[in-house]
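Observations on the three-dimensional arrangement
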Amino acid sequence: MQADNDIHGSARLVVLGSAGLAGGFSLIGAEVHADADAATVETVLEQLVKSGDEALVLLETHLAHSGGYWLNRLRNEGGRIVITELPPLPAPHDYAPAVDEVVRAVLGPEALK
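Residues numbered from 1 in each chain as written. Predicted model: local features only at pLDDT ≥ 70, side-chain atom pairs only at ≥ 80, totals over all residues. Heavy atoms only, no water.

A short note on unusual backbone geometry
Outside of glycine, negative phi angles account for most residues, and trans bonds account for most peptide bonds. Rule in force here: Per the convention used, a helix needs a DSSP run of H or I reaching at least four residues, while a strand needs a run of E reaching at least two, with both numbered from the N terminus.
Here the phi dihedral of Asp35 falls at roughly 55°; this positive angle occurs in a residue that is not glycine. Here Asp35 lies in the loop between strand S2 (31–34) and helix H2 (38–51).

Some words on the sheet that holds S2
Cut-off, in case you're wondering: Pairing between strands is defined by DSSP: at least two bridges between them are needed. Throughout, an axis means a line fitted to C-alpha atoms (over the contacting stretch in the case of helices), and angles, computed between N-to-C directions, take values from 0 to 180 degrees. By the convention used here, residues are in contact when the closest approach between their heavy atoms is within 4.5 Å.
Pairing within the open sheet is parallel, and its four strands lie in the order S2-S1-S3-S4. Lying at the two open borders of the sheet, with one neighbouring strand each, are S2 and strand S4 (81–86). Looking at each pair of strands side by side, their axes are set apart by 15° on average, direction ignored. Taken together, the four bridges between strand S1 (residues 12–17) and S2 define a ladder with parallel strand orientation. Among the inter-strand pairings, Gly17 is bridged to a residue of S2, identified as Ala34. The strands touched by helix H1 (residues 19–26) within the sheet are S1, S2, strand S3 (55–60) and S4, with S2 carrying the most contacts at an inclination of about 165°.

So, the nonpolar core
We apply this condition: As used here, the term nonpolar core means buried Ala, Val, Leu, Ile, Met, Phe, Trp, Tyr and Cys residues forming a set that is joined through side-chain atoms within 4.5 Å. Relative accessibility under 20% of the residue-type maximum defines a buried residue, over 50% an exposed one, and the middle range a partly exposed one, all with a 1.4 Å probe and only protein chains included.
Leu16, Leu45, Leu48, Val57, Leu59, Ile81 and Ile83 are the most contacted members of the largest nonpolar core, which has 18 residues in total. No other element matches H2, which puts five residues into this core. With residues up to four places along the chain from it excluded, the contact list for Ile81 reads Leu48, Val49, Asp53, Ala55, Val57 and Leu74. Counting five residues, the second-largest nonpolar core is a separate cluster that includes Val15, Leu21, Ala30 and Leu58.

What about the side chain of Thr61?
For the record, the criterion: Any pair of nitrogen or oxygen atoms within 3.5 Å is treated as a polar contact; in protein, a donor-acceptor pairing is required on top of that, and neighbouring residues in sequence qualify only through side-chain atoms on both sides.
Considering the arrangement of structural elements, one finds Thr61 in helix H3 (residues 61–64). Thr61 sits in the buried class, given a relative accessible area of 18%. Engagement of the side chain of Thr61 in a polar contact is seen with the backbone oxygen of Leu86, the distance being 2.9 Å.

Regarding the side chain of Glu85
Note the following rule: Under the convention used here, Asp and Glu are negative, Lys and Arg are positive, and both His and the chain ends fall outside the count. A pairing counts as a salt bridge when a side-chain nitrogen of Lys or Arg comes within 4 Å of a carboxyl oxygen of Asp or Glu.
With respect to the secondary-structure elements, Glu85 resides in strand S4. In this structure Glu85 is buried but unpaired, with Arg75 as the nearest side chain of opposite charge at 4.7 Å. Engagement of the side chain of Glu85 in a polar contact is seen with the side chain of Thr61, the distance being 3.2 Å. A polar contact of 3.2 Å, which involves the side chain of Glu85, links it to the side chain of His65.

This is the structure:
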C-alpha cells in the first residue's frame, strides 16, 4: 500500500520564449520551445491538458500576455499545470509582475516603492 504523499511521477518543466532564454533552460533539462509564438503556447498547453501531465510552464513576458483559450483557462483553474512569467532576457529591469498591480490596489500606489 502506498502512502498518499508518494510521488507518482515527475512534473515537466516547459519553457517558451526567445532562443537565448530557452537555451539556458535547456542546459538544466527543461523542455524548451525557442522563439515560440502565441499559437505555439496554445498548442503546448492543449497537449499538456490532454496528456494529463503535471507541469511548470515558464513563459516569457510577451507570451504570458498573449491570451488565448488554453492560457486563460489554465490560469483561471489552477491545479496540475502551473504557469508563470519570466522577464524578457534583454530588458529584465523593465519587468513588472502582474501581482504588483494587485499589491498597489490593496496597499496603495506607494506600496512597492
